[in-house]
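If you want the building blocks of each chain, they are given just below.
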Amino acid sequence: EGDWYNGHRGSLGCQMPTCTIVLLPIWSRATLVGLAAVCSPTMQDQDQPPITTLLSTYGSMILTHRAEREQTATQSQLRQRSADLERANLELEHANRMKDVFLANMSHELRSPLATILGSTEALLEGIYGPMTKAQRRTIRGAQEGGEHLLTLINDILDLSKIRMGDLELTVEDFDIESLIHSTI
């Protein structure tokens, strides 16, 4: 690597029978990427250093131009990827909003029939439709407890949807921590 030239007299590709050739390799990251050459029938040995400097400058210009092209291409790719990411983020935000709206709507749609079911189980347990056996009461009580648990889950989902959409107002109040602990166990 580095400066390399060969003052060679003879016919190495020159159209003239005898000429002097100055060759300078063009290196990029330890890889030979090109070769700059000058061929002259009248070149003297004292002409080689200025020509080598000229060829070196030419090689540097080629590498600079190549680096600028690569940088321009990289910047273009970066702009395209940034635009793609921005578009994808907008689509994700829209999908997230639609999910929240769907959850809020579904929670309302599930709560209405569930309230009817819970009202009916309560009426059955109170004996409004007549007496029940112990097994029937146990079954209805299990259905009522499952329905209440499901209603709690639906209300939690609805609250989360409202929080995410910014529609829930927070109220601060006292509560019984012991009953909260027992309800979660």
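What you are looking at is a predicted structure, and each value in this text was computed from that prediction instead of being measured.

**Observations concerning the overall build of the chain**
Here's step 1: The secondary structure content of the chain amounts to three helices and three strands.
Here's step 2: If you list the helices and strands of the chain from N to C, you get β-β-β-α-α-α.
Here's step 3: In the chain, buried positions account for 17% of the 185 residues.
Here's step 4: If you take every contact in the chain between residues at least 6 apart in sequence, the share linking residues at least 24 apart comes to 42%.
Here's step 5: Only carbon and sulfur atoms are counted for the fraction: they give 57% of the accessible area of the chain, which is about 14200 Å².

**Considering helix H2 (residues 134–165)**
Here's step 1: Compared with an ideal rise of 1.5 Å per residue, which puts 32 residues at 46 Å, H2 spans 46 Å between its outermost C-alpha atoms and is within 8% of the ideal.
Here's step 2: Of the positions making up H2, those classed as buried are Ile140, Gln144, Gly147, Ile154, Leu158 and Ser161.
Here's step 3: Positive backbone phi, at 80°, marks Gly166, one or two positions downstream of H2.

**Side note on a nonpolar patch on the surface**
Here's step 1: The grouping of Phe175, Ile177, Leu180, Ile181 and Ile185 at the surface amounts to a nonpolar patch, some 560 Å² of accessible area in total.
Here's step 2: Judged by its relative accessible area of 43%, Ile181 falls in the partly exposed class.

**A few points about the pattern of salt bridges**
Here's step 1: Counted under the stated rule, the structure contains two salt bridges.
Here's step 2: Residues Glu70 and Arg66 are paired through a salt bridge, measuring 3.7 Å at the closest nitrogen-oxygen approach. With a gap of four residues between them, Glu70 and Arg66 both fall in helix H1 (residues 48–125), about one helical turn apart.
Here's step 3: Overall, the relative accessible area of 37% leaves Glu70 in the partly exposed class.
Here's step 4: Of the charged contacts in the structure, one is a salt bridge between Arg87 and Asp84, with a shortest N-O distance of 2.5 Å.

**What to know about the nonpolar core**
Here's step 1: Membership of the largest hydrophobic core is limited to seven residues, which are Val22, Leu24, Ile26, Ala36, Met43, Ile51 and Leu55.
Here's step 2: Elements that contribute at least two residues to this core include exactly strand S2 (19–28) and H1.

**With respect to a negative patch on the surface**
Here's step 1: A surface patch of negative charge is lined by Glu122, Glu126, Glu145 and Glu148.
Here's step 2: Among the secondary structure elements, Glu145 is positioned in helix H2.

**Details of helix H3 (residues 177–184)**
Here's step 1: When you tally the buried positions in H3, you get zero out of eight residues, a small fraction of the element.
Here's step 2: Between the side-chain oxygen of the N-cap and the backbone nitrogen of Glu178 there are 3.3 Å, and the N-cap of H3 in question is Asp176.

**Considering the side chain of Gln144**
Here's step 1: Its location among the elements puts Gln144 in helix H2.
Here's step 2: In this structure Gln144 touches Leu118, Thr121, Glu122 and Leu125, once residues within four positions along its chain are discounted.

**Some details on the environment of Ala143**
Here's step 1: If you trace the backbone, Ala143 turns up in helix H2.
Here's step 2: Sequence-wise, Ala143 and Ile117 are 26 residues apart; in three dimensions their C-alpha atoms are separated by 9.0 Å.

**Some remarks on the confidence of the model for the chain**
Here's step 1: Taken over all residues, the pLDDT of the chain has a mean of 81, while the share at 70 or more is 88%.
Here's step 2: Across the chain, element-level confidence peaks in H2 with a mean pLDDT of 88 and bottoms out in strand S1 (residues 8–10) with 43.
Here's step 3: In this model residues 1–12 is a low-confidence stretch, pLDDT under 50, and it forms 32 contacts with partners more than four residues away in sequence or in other chains.

Criteria and cut-off values
- Residues numbered from 1 in each chain as written.
- Predicted model: local features only at pLDDT ≥ 70, side-chain atom pairs only at ≥ 80, totals over all residues.
- Heavy atoms only, no water.
- Helix = DSSP H or I, 4+ residues; strand = E, 2+ residues; numbered from the N terminus.
- Buried < 20%, exposed > 50% of the residue type's maximum accessible area, 1.4 Å probe, protein only.
- Contact = heavy atoms within 4.5 Å.
- Areas by Shrake-Rupley, 256 points an atom, 1.4 Å probe, with all protein chains shown as cover.
- Expected span 1.5 Å × (residues − 1).
- Patch = residues over 30% accessible without salt bridge, like charges linked within 9 Å, V, L, I, M, F, W, Y side chains within 5 Å.
- Salt bridge = Lys/Arg side-chain N within 4 Å of Asp/Glu carboxyl O.
- Core = buried A, V, L, I, M, F, W, Y, C linked by side-chain atoms within 4.5 Å.
- Lys, Arg positive; Asp, Glu negative; His and termini not counted.
- Charge placed at Lys NZ, Arg CZ, Asp CG, Glu CD.
- Polar contact = N/O pair within 3.5 Å; in protein donor to acceptor, adjacent residues only side chain to side chain.
- pLDDT = per-residue confidence, 0-100.

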